Amino acid sequence: MNHIFSLAAALNRQGITAAVIITGCPEAYRDPLRRYHRLFPVFAESQPAEIARLARRYRPELLHLHALPSGDTLPRLLRSLPIPWGITLHERWDPAEGFAALPAPSFLITSHPAATGVPESLRPRTYFIPEGIDLEEYHPLEKRGFKVTLILDQVNAEEETSAALLKAAALADIEVELISPRPLPLLKGRFHGWPLGFPAPLGESQIVIGRRRALLEGMACGNAVLIAGRGYGGIFKPQQHPASLPFPDLSGEMDEPACYRSIFFDLSTLLKERSLLRSLQQQSRKFVRENCNLRLTAEQTGRLYREIVRRQNRGPAPRELGATAAFDLK
């Protein structure tokens, strides 16, 4: 959701009215959603009739999904609103995705240039746009002591991975700031739940452990990085991935399983070699500034929207767009 909300806010600042509809919104997120209303229209709604009503109210020119809503919500919406639509692929392509009964999408956005499994028919309409990070919101704070922010999602919260990460941190006697959908036993540290928006521990910690966007947010806050998902990818070295080279794989989908010995060794190395740690932290912020700056990725997204609408209307690209509805399914 952080990706959707930050992108919607940036698009609105750039003159594109982006209205966000969240289907299947967790109850715990409904109240925090209110703070985003000052930035863009946002609704937690799963009923097809209510979604259709919102669509009539905002009259979108383009529909951008971040997951396929369940049931017949999308087919009904596209029948009533014959507008171009597309989807952002946050994970690998799932062959079971139900596109067969739908009009062909006008675009598919991937956050990794080498996304696997995309059907050949969609490749000409596939665009690589990294997830953008707001560098004003995500920035380093004063770092006292030696803390690690461990961010676990449904993938790396699997029992094997989470157990290896926590055991390695305990052996290294490191304080852990745990951001996770569920609490886990911590020898030393705090559990913060799964908050919306900027998690404050990222600004104060020395290292972030996790995958995908979690790492980008941590890097923007001046953290060194350990890549961990279903497997373990070790220390990420941003200097090996300048902007001219292919975007790095931060998925954590490695062949090597997460072993506490490997994680402990890497943590101990960064704990002892402070000059290496400081260098990696500086490189992390620089990498995000050069590759994942929200202002630039939102501009890329806005240009794509305008081009898609221009093609649909077979005329000049509009300078300003009306509402674009972003759907998210959790």
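Calculation criteria
Residues numbered from 1 in each chain as written. Predicted model: local features only at pLDDT ≥ 70, side-chain atom pairs only at ≥ 80, totals over all residues. Heavy atoms only, no water. Helix = DSSP H or I, 4+ residues; strand = E, 2+ residues; numbered from the N terminus. Buried < 20%, exposed > 50% of the residue type's maximum accessible area, 1.4 Å probe, protein only. Right-handed = clockwise from strand over helix to strand, strands pointing away. Pairing = 2+ DSSP bridges. Axes fitted to C-alpha atoms, helices over the stretch in contact; angles between N-to-C directions. Salt bridge = Lys/Arg side-chain N within 4 Å of Asp/Glu carboxyl O.

Peer 1: Could you clarify how one ought to interpret unusual backbone geometry in this entry?
Peer 2: Negative phi is the rule for most residues except glycine; trans is the rule for most peptide bonds. One non-glycine residue, Arg-59, lies in the positive phi region at around 45°. Position of Arg-59 among the secondary structure elements: in the loop between helix H3 (48-58) and strand S3 (62-65). Residue Arg-212 is not a glycine yet carries a positive backbone phi of 50°. Here Arg-212 shows up in the loop between strand S10 (207-210) and helix H7 (213-220). Among the residues examined, Arg-212 registers a relative accessible area of 22% and is labelled partly exposed.

Peer 1: I'm lost on the pairing of S3 in this one. Help?
Peer 2: Each regular strand carries side chains that alternate between the two faces of the sheet. Burial of S3 is two-sided: the residues Leu-62 and His-64 facing one way and the residues Leu-63 and Leu-65 facing the other way are all buried. Handedness of the crossover joining S3 and strand S4 (residues 85-89) through helix H4 (residues 73-80): right-handed.

Peer 1: Honestly, the sheet that holds strand S11 (residues 224-228) in this entry has me stumped. Any pointers?
Peer 2: In any sheet, the strands associate via hydrogen bonds between backbone groups, in a parallel or an antiparallel arrangement. Overall, mixed pairing links the 6 strands, which are arranged S9-S8-S7-S10-S11-S12 in an open sheet. Of all strands in the sheet, those bounded by a partner on one side alone are strand S9 (189-191) and strand S12 (232-235). Taking the axes of each pair of neighbouring strands and ignoring which way they run, one obtains an average angle of 15° across the sheet. In the sheet, strand S8 (residues 175-179) pairs with S9 via 3 bridges, with the strands oriented parallel. Each bridged residue has a counterpart across the sheet, and for Leu-178 the counterpart in S9 is Phe-191.

Peer 1: Would you take a moment to explain the pattern of salt bridges for this structure?
Peer 2: When their charged atoms lie close together, side chains carrying opposite charge are able to pair. A complete count under the given rule lists 16 salt bridges for this structure. Linking Glu-142 and Arg-144 is a salt bridge whose minimum nitrogen-to-oxygen distance equals 3.4 Å. There is no split in this pair, since Glu-142 and Arg-144 are both exposed. Close ionic contact of Asp-173 with Lys-188 constitutes a salt bridge, the shortest N to O distance being 3.5 Å. Remark: Lys-188 occurs in the loop between S8 and S9 and Asp-173 occurs in the loop between helix H5 (159-171) and S8; sequence separation between them is 15 residues. When its relative accessible area of 53% is taken as the criterion, Asp-173 is described as exposed. Owing to a relative accessible area of 38%, Lys-188 belongs among the partly exposed residues under this scheme. Connected through salt bridges with shared partners, the residues Asp-153, Arg-211, Arg-230 and Glu-253 form a single ionic network.

Peer 1: Teacher, can you tell me more about the pairing of S10 here?
Peer 2: Neither face of S10 is left uncovered, since the one carrying Ile-207 and Ile-209 and the one carrying Val-208 and Gly-210 both have all their residues buried. Bridge count between strand S7 (residues 147-151) and S10: 3 bridges; the pairing is parallel. Of the residues in S10, the one forming a bridge with Val-148 is Ile-207. Summarising the sheet, S10 and S11 pair through 4 bridges and their orientation is parallel. Following the sheet pairing, Ile-207 is matched in S11 by Ala-224. The parallel pair S10 and S11, bridged by H7, forms a crossover whose chirality is right-handed.

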